[in-house]
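Listed here are the chains, written in short residue letters.
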Amino acid sequence: IMLTASQAARSRITLRGSTDIVVEFFEFSINSILYQRGIYPPESFTRVSKYGLTMLVTNDEGLKMYLNKILKQLQDWLLCKTVQKLVVVVSDVDTQDVLERWQFDVQHQKTEKENAGGSDGNTTKMAGPPERTDKEINKDIQAIIRQITASVTFLPLLDCACSFDLLIYTDKDMETPQEWEESDPRFVNNSAEVRLRSFTTSLHKVEA
């Protein structure tokens, strides 16, 4: 039995592998937003190559520790399939007014096994989502990152000192970790919405 190159490239992705892709996407997206919107000074970022692009990631140790802690918890919740969305909230340091809200919706795609139904032994199977190659996934992620980078051309200048918060929406029955706290949605008053691209790994779909 031979496995062709195209079949090998589309080998079935695991939940762990899909989760790692989504968490890494959020890591680079958050860093890109913080840089592009001037939340942290340019000198606190380092250039790296990812997704065929030159990306900027923070070299601020305090921020790196904070993001790593958030992303580790996000990874755990993604593996449990309980994450609904991640939101980056940008607010005015002095007034606490919410200025921007970057929302990423997360959908957990059902596998062929999860689509199987029937309890009397006559199981009807529905095909799961089509497999995607790393190249296809990276191309879609690249498009989203490019849109975030281009946002400075149409979003208003943030001419005040700003801070950011990360909100993670989970299923209601999830227990909140001790170091986390419940939050209101932190909506923007009189807001205008801009839709970005989406990507899917076959097991997760992320819409911005």
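Use the structure listed above.
These figures come from a predicted structure and were not determined experimentally.

Peer 1: Can you lay out the sheet that holds strand 4 (residues 98–108) for me, pointing to particular residues and giving the numbers?
Peer 2: Taken in spatial order, the five strands make up an open sheet running 5-3-4-7-6, and their pairing is antiparallel. What marks the edges here is a single partner per strand, and that holds for strand 5 (162–170) and strand 6 (198–200). Strand-to-strand, the axes of this sheet are offset by a mean angle of 15°, without reference to chain direction. Here three bridges tie strand 6 to strand 7 (residues 204–207), and the two strands are oriented antiparallel to one another. Bridging across to strand 7, T200 finds its partner in K205. Against the sheet, helix 2 (residues 15–36) contacts strand 3 (83–92), strand 4, strand 5, strand 6 and strand 7, and its axis sits at roughly 15° relative to strand 7. Lying over the sheet, helix 5 (residues 134–150) contacts strand 4 and strand 6, oriented at roughly 160° with respect to strand 6.

Peer 1: Can you tell me about the packing of helix 2 against helix 5, naming the residues and giving the values?
Peer 2: Running from N to C, helix 2 and helix 5 cross one another at 15°; their axes reach a closest spacing of 10 Å. By the angle between their directions, the pair helix 2 and helix 5 is classed as roughly parallel. Judged by the twist between their axes, the crossing of helix 2 over helix 5 is right-handed. Judged by residue contacts, I21, F25, S29, S32, I33 and Q36 of helix 2 engage I137, I141, I144, I145, I148 and T149 from helix 5. Of the residues in the contact of helix 2 with helix 5, the class split is eight nonpolar, four polar and no charged.

Peer 1: Can you break down the pattern of salt bridges residue by residue, with the values?
Peer 2: Overall, the coordinates contain nine salt bridges when judged by the stated rule. Its salt-bridge partner being R132, residue D140 comes within 3.0 Å of it at the nearest N-O pair. Here D140 falls in the buried class, since its relative accessible area comes to 15%.

Peer 1: I'd like to hear about helix 2, residue by residue, with values.
Peer 2: Taking 1.5 Å per residue as the helical rise, helix 2 with its 22 residues ought to reach 32 Å, and the 31 Å between its terminal C-alpha atoms agrees with that figure. Among the residues trailing helix 2, G38 stands out with phi positive, at a value near 70°.

Peer 1: Now, about helix 3 (residues 61–79): what can you tell me, with residues and values included?
Peer 2: The end-to-end C-alpha separation of helix 3 is 27 Å, in line with the 27 Å expected for 19 residues at 1.5 Å each. Among all positions of helix 3, only L63, L67, I70, L71, Q73, L74, Q75, W77 and L78 are buried. One side-chain oxygen of the residue at the start of helix 3 lies 3.1 Å from the amide nitrogen of G62, identifying that residue as D60. Just downstream of helix 3, K81 is the residue with a positive phi angle, here 60°.

Each value, and the rule that gives it
Residues numbered from 1 in each chain as written. Predicted model: local features only at pLDDT ≥ 70, side-chain atom pairs only at ≥ 80, totals over all residues. Heavy atoms only, no water. Pairing = 2+ DSSP bridges. Helix = DSSP H or I, 4+ residues; strand = E, 2+ residues; numbered from the N terminus. Axes fitted to C-alpha atoms, helices over the stretch in contact; angles between N-to-C directions. Contact = heavy atoms within 4.5 Å. Parallel < 35°, antiparallel > 145°, perpendicular 65-115°, else oblique. Left-handed = near helix turned anticlockwise from the far one by under 90°. Nonpolar A, V, L, I, M, F, W, Y, C, P; charged D, E, K, R; others polar. Salt bridge = Lys/Arg side-chain N within 4 Å of Asp/Glu carboxyl O. Buried < 20%, exposed > 50% of the residue type's maximum accessible area, 1.4 Å probe, protein only. Expected span 1.5 Å × (residues − 1). Polar contact = N/O pair within 3.5 Å; in protein donor to acceptor, adjacent residues only side chain to side chain.

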